[in-house]
Amino acid sequence: MRHLSVPSSMAEQTIDILRELEWFATEYRVHPSDDGRILIPLNDMAPPKLPSSFEDFSIIDIDPLLWKNRSSWQSRFTELVGEGVLEDTIVTKSHEILGDLLIQRYDEANEPYLEAFIQSKMEAHPRIRLMLLDHGVKGAFRIRDLQPIAIRTDRLLWGEDLMNVSPHLLDLTTEVPENRLRLRLDPSRVYFSSKLEYERQNTTKELNNFSNEIGRPVNVCDPFCGVGPAIAHLLQQKDIVGDILVNDLNPDCLPFLFHNLKILRGLDPNIIQNDLVEMTPGVFVGCMDAAQISSRANQCGRWDALLVNLPHQTLNLLPALLPLLRPEGPVRICGWTIIPESEVNDLPDNLSRIVDCNVDDIEVRVRKQFNATDMLAAFVIRR
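Residues numbered from 1 in each chain as written. Predicted model: local features only at pLDDT ≥ 70, side-chain atom pairs only at ≥ 80, totals over all residues. Heavy atoms only, no water.

K.L.:
Tell me about the pairing of strand E11 (residues 181-185), and please be specific about residues and values.
P.N.:
Of the two faces of E11, only the one carrying Leu181, Leu183 and Leu185 is buried; Arg182 and Arg184 on the other face are not. Between strand E10 (residues 174-178) and the antiparallel strand that follows it, E11, lie 2 residues; asparagine 179 among them carries a positive phi value of about 50°. (Buried < 20%, exposed > 50% of the residue type's maximum accessible area, 1.4 Å probe, protein only. Helix = DSSP H or I, 4+ residues; strand = E, 2+ residues; numbered from the N terminus. Pairing = 2+ DSSP bridges.)

K.L.:
Describe the sheet that holds strand E2 (residues 31-32), and please don't skip the residues or the numbers.
P.N.:
The 4 strands lie next to each other as E2-E3-E1-E4, forming an open sheet whose pairing is antiparallel. Edge positions in the sheet fall to E2 and strand E4 (58-61), since each has one partner strand and no second.

K.L.:
Explain the state of the cysteines to me, using residue names and the numbers behind them.
P.N.:
Per the stated rule, a full pass over the model turns up 0 disulfides. No disulfide involves cysteine 253; its nearest neighbouring cysteine sulfur is the one of cysteine 225, lying 6.5 Å away. (Disulfide = S-S within 2.5 Å.)

K.L.:
An account of helix H5 (residues 197-214) is requested, with residue identities and associated values reported.
P.N.:
Helix length check: H5, at 18 residues, gives a terminal C-alpha distance of 26 Å against a target of 26 Å (1.5 Å per residue), a fit within 8%. Those residues of H5 not exposed but buried are Glu197, Tyr198, Glu199, Arg200, Gln201, Asn202, Thr203, Thr204, Glu206, Leu207, Phe210 and Ser211. Two residues or fewer after H5 comes glycine 215, characterised by a positive phi angle close to 75°. (Expected span 1.5 Å × (residues − 1).)

K.L.:
Tell me about the side chain of threonine 14, and name the residues and values.
P.N.:
In this fold, threonine 14 is placed in helix H1 (residues 11-21). Residue threonine 14 is classed as buried on the basis of its relative accessible area of 0%. Polar contacts involving the side chain of threonine 14 include one to the main-chain carbonyl oxygen of methionine 10, which spans 2.6 Å. Excluding residues that lie within four positions of it along the chain, threonine 14 makes contacts with Leu4, Val6, Ile40, Phe54, Phe57 and Tyr198. (Polar contact = N/O pair within 3.5 Å; in protein donor to acceptor, adjacent residues only side chain to side chain. Contact = heavy atoms within 4.5 Å.)

K.L.:
Mind laying out the nonpolar core, listing which residues take part and the relevant values?
P.N.:
If you look at the biggest cluster of nonpolar residues, it comprises 46 residues, and the most contacted ones within it are Leu207 and Val220. Ranked by residues supplied to this core, first place goes to helix H7 (residues 253-260) with 5 residues. If you look at the next biggest cluster of nonpolar residues, it comprises 30 residues, including Leu245, Met288, Leu306 and Ile381. (Core = buried A, V, L, I, M, F, W, Y, C linked by side-chain atoms within 4.5 Å.)

K.L.:
Can you lay out the packing of aromatic side chains for me, pointing to particular residues and giving the numbers?
P.N.:
The way to describe two aromatic rings as a pair is by their centre distance and the angle between their planes. Inspection of every chain in the model, using the stated rule, returns 6 aromatic pairs. Here the aromatic rings of phenylalanine 77 and phenylalanine 117 are separated by 4.7 Å at their centres, their planes lie at 45°, and the arrangement is tilted. With phenylalanine 77 in helix H2 (residues 73-81) and phenylalanine 117 in helix H4 (residues 114-124), the pair connects residues that are 40 residues apart, well separated along the chain. Grouping residues by exposure puts phenylalanine 77 and phenylalanine 117 together as buried. (Phe/Tyr/Trp six-rings, centres within 6.5 Å; stacked < 30°, edge-to-face > 60°.)

K.L.:
An account of the environment of lysine 49 is requested, with residue identities and associated values reported.
P.N.:
Mapped onto the elements, lysine 49 comes out in the loop between strand E3 (38-41) and E4. Sequence separation between lysine 49 and valine 81 is 32 residues; the distance between their C-alpha atoms is 36 Å.

K.L.:
Please give an account of the pattern of salt bridges that cites residues and values.
P.N.:
For the coordinates displayed, the defined rule picks out 22 salt bridges. Glutamate 206 is the partner of arginine 382 in a salt bridge, and the nearest nitrogen-oxygen pair spans 2.8 Å. You can see arginine 382 sitting in strand E19 (residues 374-382) and its partner glutamate 206 sitting in helix H5, a full 176 residues away along the chain. Across the pair arginine 332 and glutamate 213 runs a salt bridge whose closest N-O atoms are separated by 2.8 Å. A residue pair is termed long-range when its members are at least 10 positions apart, and arginine 332 in strand E17 (residues 332-340) and glutamate 213 in helix H5 qualify at 119 residues. Residues joined in a network through salt bridges with shared partners are Glu199, Glu206, Glu213, Arg332, Glu363, Arg365 and Arg382. (Salt bridge = Lys/Arg side-chain N within 4 Å of Asp/Glu carboxyl O.)

K.L.:
Explain the packing of H2 against H4 residue by residue, including any values.
P.N.:
The N-to-C vectors of H2 and H4 enclose an angle of 145°; their axes lie 8 Å apart at closest approach. H4 is crossed by H2, and the crossing has right-handed handedness. Residues Trp73, Arg76, Phe77, Leu80 and Val81 of H2 lie in contact with H4, whose contacting residues are Ala116, Phe117, Gln119, Ser120, Lys121, Glu123 and Ala124. Here the residues of the contact of H2 with H4 are counted per class, giving 7 nonpolar, 2 polar and 3 charged. (Axes fitted to C-alpha atoms, helices over the stretch in contact; angles between N-to-C directions. Left-handed = near helix turned anticlockwise from the far one by under 90°. Nonpolar A, V, L, I, M, F, W, Y, C, P; charged D, E, K, R; others polar.)

K.L.:
If you had to explain the packing of helix H8 (residues 314-321) against helix H9 (residues 347-355) to someone new, which residues and values would you point to?
P.N.:
Closest axis-to-axis distance for the H8/H9 pair is 10 Å, and the angle between their directions is 25°. Classified by the interaxial angle, the pair formed by H8 and H9 is roughly parallel. The element H8 and its partner H9 pack so that their crossing is right-handed. Of the residues in H9, those touching H8 at Leu315, Leu318 and Pro319 are Leu347, Leu351, Ile354 and Val355. Considered class by class, the residues forming the contact of H8 with H9 number 7 nonpolar, no polar and no charged. (Parallel < 35°, antiparallel > 145°, perpendicular 65-115°, else oblique.)

K.L.:
Can you break down unusual backbone geometry residue by residue, with the values?
P.N.:
Positive phi outside glycine occurs at arginine 142, with the angle close to 55°. Its location among the elements puts arginine 142 in the loop between strand E7 (130-138) and strand E8 (143-152). Using a relative accessible area of 34% as the deciding quantity, one classes arginine 142 as partly exposed. If you check the backbone angles, aspartate 356 has positive phi at about 60° while not being a glycine. Topologically, aspartate 356 is positioned in the loop between H9 and strand E18 (362-369). Relative accessible area serves as the criterion here: at 68%, aspartate 356 is assigned to the exposed category.

Below, the structure written as C-alpha cells:
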C-alpha cells in the first residue's frame, strides 16, 4: 500500500490536508519509518501521481498497519445506522480539520444522521475539541457561519447538553499547524483557507529564488493578509524578506495577525479602521480597503512583490494594486483566483492585459476544482 513519507515536523499538517482531500486511509495507522520520517497511508482515491505541491515528499509501497483499538469513522457510522446508508444516502461526507476543530459542511439530507456523524467522527478523532456545522459564508468578509454541535470536555456532549455548557468552552479560537508554524485564528471571525498551504509554500520558494536573483531581501506587500499565513511562511526563511506591508479590511484579523507574526508580537494591534501604520521601521500594518493603499504616496512604487489572495475578486482588484509595485522592476506577483473552468485557458492572456506584460512572463497552475463549475488557479507573474 502506498504511504507518503514526510518529515516528522510536517506530519500533522500533511495529514490534515490529506483528510481534506479525502486521500488519507483512515483505517490504517500513521507510523515512523526507520529513518525517522513519518509514513502516512494513502487510500485508493489518491491519484497515481500526486500534485506538485507534494513533490518534496516521497511515496513508498509497504504493508499497512491496522488500528488495533480504533475504527474509522465510516465503520463506526455504519455500526450506528446500518449498512448501505453511507454509500446510498449520504452525499456530503467529508469534513475539514482546523487545529482542534472539526468542520462538517451542512447538508439537509444528513439531518436524520447527525447524532451518528457526531459520535463516529468525534470518536475517530480524539484530539478534536469542537465539532461544527458549516452553513456557508456570510457578510462582506466571506466568514463561515459555524454552528457548534458537539464538544469534548470530560465526556462527549451534544444536543440539549450543549445548552448547559459555559460559553467560553465554545470559543472557536484554535491554533492550526502549518509547516512548523502554529497559526492562531477563529474561523467564525476571519477568513482562512487551509487549502492554500502548499501555495504559500510555493510562494516562499518563488520569492526565495527572486531574492537570490536581485541579490537582496524582497520587499513584500500582502494587502489581503488575513491572519498572516503567507508572510509567516516567508519570515521563517532567513533574509528572504525586507520591508513588509500586511493589511486586511477585517479588523478581527488584527489580534491574530499580531500573534502569528513574531515581528509584531507584543505590539499594540489596535489600529483604527481605514488606517495604515508603520509599526516599526519598514513594517507597515493596515486595516483598510486594499484598493486605497496606493492613495498613500509613500506606498506607490515601493514594493518588489505583491501577494493577491482574495480569490473571488483577484482579477477585479489587481489593477488598483499595480501602482504599489516598483515601476522599473523586476517584480513578482503571486496570486490565486477562482474562475469558471471554461475561462482557465484564457487566464494568461487576461493577466497579461491587466499587468501589461508578455504571456511568457506568466505561470498558471490549476490548483483544484473549487465547485461544480469553477476552478481555483494559482499564478505567478515575473515581470
